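Reading the structure
Each chain, letter by letter, is given below.
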Amino acid sequence: MSTLTKPAPGRAAGGDRPGRAPGARGPRLAPGRPRRFGKALGPVVLVAVWSAGSAAGLIEPRLLSPPWTVVSTAGDLIADGRLQGHLATSAQRALLGLVFGTAAGLLLAVAAGLSRIGEGLIDGPVQMKRALPSLALVPLLVLWFGIGETMKVVTVALAVFVPVYIHTHNGLRTIDSRYVELSETVRLTRRRFVRHVVLPGALPGFLLGMRFAVTAAWLALVVVEQVNATSGLGYMMELARTYGQTEIIIVGLVVYGLLGLLSDGLVRYTERRVLSWRRTLAN
């Protein structure tokens, strides 16, 4: 008779350590349960080191302003409305570029993933674009679209559509061929095949691509707003550089970082909700 006993109700099979397989022995290999506010540990430590270095005089204020100066400056920018105005302009540009870039990347990925002819026509140019930094195209885009809003939105869209295309296309190509054979057996139409097999199968890859895309949108925006712009967070930072206002530059960097984390967090939340059926080490 086995010496293993049935675990008590409400307890995992591995004792008081949840997430282990029934009867599992030896060291725990999984990373464990997520810690509440665990992701804040790194930033907190970074700010603590920054504060200690500034207080001890180890960091030159002209090169890196103390945290309390940055907080005070942020309060002043919020009080006079400058930060909100620049933030609204940048958010609008990023959102428009994200929408257009995501739509283009998704449509091209589906066209290339479901057709060999489409793949031959689309995949090569996209891979060439992937090897070219979007910012290297700025001089050409300025010639085509001028220095207005269109150029900035197009630059962001070009930075966004590549990761969406790459990961969605990879998700399509890794769909189990048995699902395709089953769909042919039950004689699914092309539309129903795309709806019930292709899109669900490509969804994990698409969401992964979106995580890269939202980051790429802010990375492209922070640079393109420093090119003949009159508003936006990048313009605010470039103007501060001209006058040697390090604290304003840091405020802009912190806002960009928070926006990137918030955008990535929204995509990850959507991923957990939509793909709740998956069991991974992140669960």
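Reading the values: the criteria
Residues numbered from 1 in each chain as written. Predicted model: local features only at pLDDT ≥ 70, side-chain atom pairs only at ≥ 80, totals over all residues. Heavy atoms only, no water. Helix = DSSP H or I, 4+ residues; strand = E, 2+ residues; numbered from the N terminus. Contact = heavy atoms within 4.5 Å. Areas by Shrake-Rupley, 256 points an atom, 1.4 Å probe, with all protein chains shown as cover. pLDDT = per-residue confidence, 0-100. Expected span 1.5 Å × (residues − 1). Buried < 20%, exposed > 50% of the residue type's maximum accessible area, 1.4 Å probe, protein only. Arc of directions from axis to C-beta. Phe/Tyr/Trp six-rings, centres within 6.5 Å; stacked < 30°, edge-to-face > 60°. Salt bridge = Lys/Arg side-chain N within 4 Å of Asp/Glu carboxyl O.

**Quick word on the overall build of the protein**
On a plain count of helices and strands, the protein comes out with ten helices and zero strands. The N-to-C order of helical and strand elements in the protein reads α-α-α-α-α-α-α-α-α-α. For the protein, contacts bridging at least 24 residues in sequence account for 68% of all contacts bridging at least 6. A total accessible area of about 18,100 Å² is found for the protein, and carbon and sulfur atoms account for 64% of it.

**A word on the confidence of the model for the protein**
Scored by pLDDT, the protein comes out at a mean of 81, with 83% of its residues at no less than 70. No element of the protein has a lower mean pLDDT than helix α7 (residues 177-185), at 78, and none a higher one than helix α3 (residues 82-113), at 91. Overall, residues 1-7 carries pLDDT values under 50, and its contacts beyond four positions in sequence, including any with other chains, amount to four contacts. Here residues 10-17 is a poorly scored stretch, pLDDT under 50, and it has eleven contacts once near neighbours within four places are set aside; other chains count.

**Some thoughts on helix α2 (residues 67-79)**
Taking 1.5 Å as the rise per residue, α2 with 13 residues should run 18 Å; its terminal C-alpha atoms sit 18 Å apart, in good agreement. All of the buried residues in α2 are Pro67, Val70, Thr73, Ala74 and Leu77. One side of α2 holds all its buried residues, which, seen down the axis, span an arc of 120 degrees. Those residues of α2 that are exposed and angled more than 90 degrees off the buried face are Val71 and Ala79. Looking one or two residues past α2, Gly81 carries a phi angle of roughly 85 degrees, positive in sign.

**What to know about the packing of aromatic side chains**
Taken as a whole and judged by the stated rule, the model has two aromatic pairs. Taking 6.4 Å as the distance between ring centres and 80 degrees as the angle between the ring planes, the aromatic pair formed by Trp144 and Phe145 counts as edge-to-face. With a centroid separation of 6.3 Å and 65 degrees between ring planes, the pair formed by Trp218 and Tyr256 is classed as edge-to-face. Here Tyr256 lies in helix α10 (residues 246-274) and Trp218 lies in helix α8 (residues 190-224), a separation of 38 residues in the sequence. Under the relative-accessibility criterion, Trp218 is labelled buried at 11%. Take Tyr256: its relative accessible area is 8%, and that puts it in the buried class.

**Some points on the pattern of salt bridges**
Here the idea is simple: oppositely charged side chains can pair when their charged atoms come close. Enumeration over the complete set of coordinates arrives at seven salt bridges. Between Arg93 and Glu149 there is a salt bridge, with the nearest N and O atoms lying 2.7 Å from each other. Note that Arg93 is positioned in helix α3 and Glu149 in helix α6 (residues 149-173), a separation of 56 residues in sequence. For Arg93, a relative accessible area of 2% gives the class buried.

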